[in-house]
Amino acid sequence: MDTSSGMTERLRVLKERYLKAVPSITIDRALAFTEIARKYPALSPQRRIARSFKRACETAPLLIQPGELIIGHPCGKSRAGAFSPDIAWQWVKDELDDIGTRPQDPYEISDTDKEVMTRTLFPFWKGKSLSEHCEEALQHLKTLPPSDPGYDTRHEYYLGALDTYDGVLIYARRLARYARELAAKESDPQRRRELLGIADINERVPANPPRTFHEALQSVWTILSLFMLEGNQCSTSLSRADQYMYPLYKQDIETGRLSRQKAFELIGCFIIKCSEVIWYTPGATATYFAGYMPFINMCVGGVGRHGGDATNELTLLFMDAVARMKLYQPTLACRIHNMSPQEYLEKIITVIRAGGGMPACHFDDAHIRMMLRKGYSFEDARDHSLMGCVEPQKSGRIHQWTAGGFTQWPICIELALHNGVLPRYGPKQWLASGDPASFRTYEEFEKTVKAQLDYLIEMNCRGSNIIERVFCDVNPTPYMSLFIDGCMEKGRDVMNGGAVLYEGPGTIFAGLATYADSMAAVRRLVYEDKKYTLPELITALDADFDGYDDIRRDCLQAAKYGNDCDEADFIARDSIDYTEQIMNSYPSLYARHIHGTLSQSFNTPLGAMIGATPDGRKAGKPLSDGMSPSQGMDKKGPTAIIKSVSKLNVESMSLGMTHNFKLLPRFLETAEGQHAVISLLKTASLLGNGQMQFNCVDNETLRAAQQHPGQYRDLIVRVAGYSAFFVELCKDVQDEIISRSELDSM
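Residues numbered from 1 in each chain as written. Predicted model: local features only at pLDDT ≥ 70, side-chain atom pairs only at ≥ 80, totals over all residues. Heavy atoms only, no water.

What follows covers the overall build of the protein chain. Each helix and strand in the protein chain was counted, giving 31 helices and 17 strands. Relative to the globule expectation of 27 Å for 746 residues, the C-alpha radius of gyration of the protein chain, 26 Å, shows essentially globular dimensions. In the protein chain, buried positions account for 61% of the 746 residues. (Helix = DSSP H or I, 4+ residues; strand = E, 2+ residues; numbered from the N terminus. Rg over C-alpha atoms; globule rule 2.2 N^0.38 Å. Buried < 20%, exposed > 50% of the residue type's maximum accessible area, 1.4 Å probe, protein only.)

What follows is the structure, given as structure tokens:
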């Protein structure tokens, strides 16, 4: 069967139902955790969370929707998040009246649940939540001890692991019983047989190793979905699904148990379930991660654990399903090496043409170097996958905390230009760094900017260490710990040093190109050509270039990163190397601090924090995203762009990186255009680049979707390290995507 020809009727109906689901927040998990906390106040955090998880599995609403082959959702409905007052409740209380109407990522909460929240959940968890513990700890920043050896927690860990394990089995068996109950009432013989088969599958997995491809998909989904019950978690990895599921797929195909058409349909059902997960966030940060994003990553292709190409038939089938389903989860990551087969590269083009901003293309040579630098063996380095957005890791071998902080480089320039003051936020001084008029050379100016960066990194790392310590003491993760090597052997939670390997926390920086272009403009216009003094430039920036058109024109015409111009490209390289060096100098609880350039959507709200910048950017406008050139500033085509990117040391972005392209659909309608993109991918791989990803959509379509969102409900775009429904993004984020350069030639 040519699975790329279209979806089955079952998948069409399931997708239509999914698209009608309204994102919501439910309280079943909160009630279970509150019940255990109230009933057993003396339990250690490890035991309390484990027992609460088990109780949540016992009481979670059961969901088997008509036609589903992969079943269950611990919140009881599609696109729902589980309220976690033990993690944070105050912001939900503050937003309760308007959470359903806020501009970015609104959520539906029933009136009944709002009343329970107000009368029961908010009062009980006041003073007990993780966020409040973090706030208290931050007040004691200077006196907090760097380590707390504590006592032997092995006994508590193992008891908690047993409760957690029991909870998983209880939930799966409840699903199985429910499927049998539905089968007994079902009048359609075919659906009755399906429900009985679903019951058999859930009685077996995930308690036992799967024996069939269907069992494997259901087992992975059940395990993935239950992370919602441990907490409001995100950034998970399905790892290399085409590798560990392939033996069962191959066996089922060869024995005749499974057809390729049925396998395609099962994968489609699995993709829909992954898209039902949401990670709910406060309104203040919704634009940082716009689009209800849970950050589930699935990796295919690449070299094998012991070398050689690992692409197989299931690799291509997963890719076909992603292309045909056109949903935003899981994010598809395609690994590419210098000998990737032509059929695989052509299938990547098929997925790109389908729209949706997938796949993210990750180059093996660069990522294997990154993995080796983190301390992995060669085998584990070859066997890496991606987590969350684009973060390279080896599933089960490491705990890598991605979100240690979210910040930017350009703000350091504004601070240096105003002696540590951000004009938009009043006279409060951050770090006094001297009168800008006194900077006689570019080197003095650059040193001052880096001093501001040093201070920003120091504050970020100190705060991250406190949060990491509080998580260790207050919020262990017994469920996550079941899947991390070392925890069971050590009898320690992953938050308490149980993992074999740690990295991070990682801090994500935005505005790389904005920073590099701005520094290049200052060096050229002020210190080399001496066309303007630094105070004159500052005056123009503070006026948002109003009345200073000549200065802005010169700023815009200065060297720009992304045009194979060493003048700007080397500044970008230096900023990444310098940032990683300083980050690495700060120890975290179990490793070191790291950084990356995977800016999600927060280059837009962070841009609103600062004024005009010396690259010619106007005040409040978005910063550049990821390691991409500034919006509209790449003038010499894609080859020049990847040559600029190749000058960056990918190992210095050890958390991960994103590089966005926007292709016009008509370019990929020709064989010449398709071959050109394949050549671009091969060249980027040979140059040692880390990552590339593509939007295949024109601005005419995006603007039409802004005007008529109901007609473009399933239009998906690449935001940064993830994709989202375009009509679910606020206008500021939509406009930033539209502003990116359109490429229609190589």
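Resuming the write-up.
Right, let's talk about the sheet that holds strand β4 (residues 296-301) for a bit. With mixed pairing, the six strands of this open sheet are ordered in space as β3-β4-β5-β6-β15-β14. Edge positions in the sheet fall to β3 (236-240) and β14 (660-663), since each of these pairs with one other strand and no more. When strand polarity is set aside, the average angle formed by the axes of neighbouring strands in this sheet is 25°. The strands touched by helix α16 (residues 342-353) are β4, β5 (331-336), β6 (360-363), β14 and β15 (691-696); relative to β5, the strand with the most contacts, the crossing angle is about 150°. Helix α29 (residues 671-687) contacts β5, β6, β14 and β15 of the sheet and is inclined by roughly 160° relative to β15. (Pairing = 2+ DSSP bridges. Axes fitted to C-alpha atoms, helices over the stretch in contact; angles between N-to-C directions. Contact = heavy atoms within 4.5 Å.)

Formed by 220 residues in total, the largest nonpolar core has its most connected members in Phe83, Met117, Phe213, Ile348, Phe445, Leu534 and Phe694. By residue number, the principal contributor to this core is helix α20 (residues 442-474), which donates 11 residues. The contacts of Phe83, once residues within four sequence positions are left out, are Ile25, Thr26, Ile27, Arg29, Ala30, Ala88, Trp89, Val92, Met117, Leu121, Phe122 and Tyr280. Residues Ile368, Met371, Tyr376 and Ile398 belong to the second largest nonpolar core, which totals seven residues. (Core = buried A, V, L, I, M, F, W, Y, C linked by side-chain atoms within 4.5 Å.)

Before going further, it helps to spend a moment on the pairing of β6. On β6, burial covers both faces: Ala360 and His362 on one face and Cys361 and Phe363 on the other are all buried. Relative to β6, β5 is paired through four bridges, and the arrangement is parallel. Looking at the pairing, Ala333 lines up with Ala360 of β6. Strand direction decides the pairing type here: β6 and β15, joined by three bridges, are antiparallel. Counted as the bridge partner of Ala360 is Gln693 from β15.

Its boundaries defined by the atoms lining it, the second largest pocket holds a volume of some 540 Å³. Along the walls of the second largest pocket sit 27 residues, with Arg617, Lys621, Pro622, Gln631 and Ser739 positioned nearest its centre. When residues of the lining of the second largest pocket are traced back to their parent elements, those giving at least two are α23 (512-528), α25 (549-557), α27 (603-607) and α31 (731-738). Tallying contributions element by element places α31 first for the lining of the second largest pocket, with four residues. Of the residues belonging to the lining of the second largest pocket, the class tally is eight nonpolar, nine polar and 10 charged. (1 Å grid on protein atoms, 1.4 Å probe; cavity = no way out; pocket = protein on both sides within 12 Å on 5 of 7 lines; lining within 4 Å. Points joined across faces, edges and corners; volume = space filled by probe spheres on them. Nonpolar A, V, L, I, M, F, W, Y, C, P; charged D, E, K, R; others polar.)

What follows deals with the environment of Ile737. With respect to the helices, strands and loops of the structure, Ile737 is situated in helix α31. Of the residues examined, Ile737 reaches a relative accessible area of 0% and is grouped as buried. Here the alpha-carbon distance between Ile737 and Gly197, two residues 540 residues apart in the chain, equals 45 Å. Setting aside anything within four residues of it in sequence, one finds Ile737 in contact with Lys662, Asn695, Leu702, Val717, Arg718, Val719 and Leu729.

The way to describe two aromatic rings as a pair is by their centre distance and the angle between their planes. On inspection of all chains with the given rule, the structure shows 30 aromatic pairs. Cluster of aromatic residues (ring-pair linked, three or more members): Trp279, Tyr288, Phe289, Phe295, Phe406, Phe602 and Tyr722. Directly above the aromatic system of Phe725 lies the positively charged group of Arg713, at a separation of 4.8 Å from the ring centroid. (Phe/Tyr/Trp six-rings, centres within 6.5 Å; stacked < 30°, edge-to-face > 60°. Lys NZ or Arg CZ within 6 Å of the ring centre and 35° of its normal.)

Enumeration according to the criterion identifies 55 salt bridges in this entry. Across the pair Arg260 and Glu313 runs a salt bridge whose closest N-O atoms are separated by 2.7 Å. Here Arg260 is found in helix α13 (residues 260-275), whereas its partner Glu313 is found in helix α15 (residues 313-325), with 53 residues between them in sequence. Residue Arg553 is joined to Asp554 by a salt bridge in which the shortest nitrogen-to-oxygen separation is 3.9 Å. Given a relative accessible area of 39%, Arg553 falls into the partly exposed group. Several salt bridges converge on common partners, so that one network encompasses Arg240, Arg305, Asp380, Asp383, Lys394, Arg397 and Asp485. (Salt bridge = Lys/Arg side-chain N within 4 Å of Asp/Glu carboxyl O.)

This paragraph deals with the packing of α16 against α29. At a minimum axis separation of 10 Å, α16 and α29 run at an interaxial angle of 115°. When the interaxial angle is binned, α16 and α29 end up roughly perpendicular. Crossing geometry of α16 relative to α29 is assigned as right-handed. Between α16 and α29, the residues in contact are Gln342, Leu345, Glu346, Ile348, Ile349 and Arg353 and Gln674, Val677, Ile678, Leu681 and Lys682, respectively. Here the contact of α16 with α29 is built from residues that sort into six nonpolar, two polar and three charged. (Parallel < 35°, antiparallel > 145°, perpendicular 65-115°, else oblique. Left-handed = near helix turned anticlockwise from the far one by under 90°.)

To continue, consider unusual backbone geometry. Each neighbour pair has its own omega, and for Val205 with Pro206 the value is 5°, a cis peptide bond. Of note, Pro206 is situated in the loop between α8 (189-204) and α9 (213-225). Note the cis peptide between Met358 and Pro359, where omega equals 0°. The residue Pro359 is located in the loop between α16 and β6 in this model.

With that out of the way, let us pick up empty space enclosed by the protein. All told, the structure shown has five cavities of 30 Å³ or more when counted by the stated rule. Estimated volume of the largest cavity: approximately 130 Å³. Volume-wise, the second largest cavity comes out at about 80 Å³. Of the residues belonging to the lining of the second largest cavity, the class tally is seven nonpolar, two polar and no charged.

Position of Gln218 among the secondary structure elements: in helix α9. Sequence separation of Gln218 and Cys269 is 51 residues, and the distance between their C-alpha atoms is 9.9 Å. Sequence-distant contacts of Gln218, that is, excluding residues within four places in its chain, are made with Leu69, Ile70, Ile71, Ile201, Asn202 and Val205.

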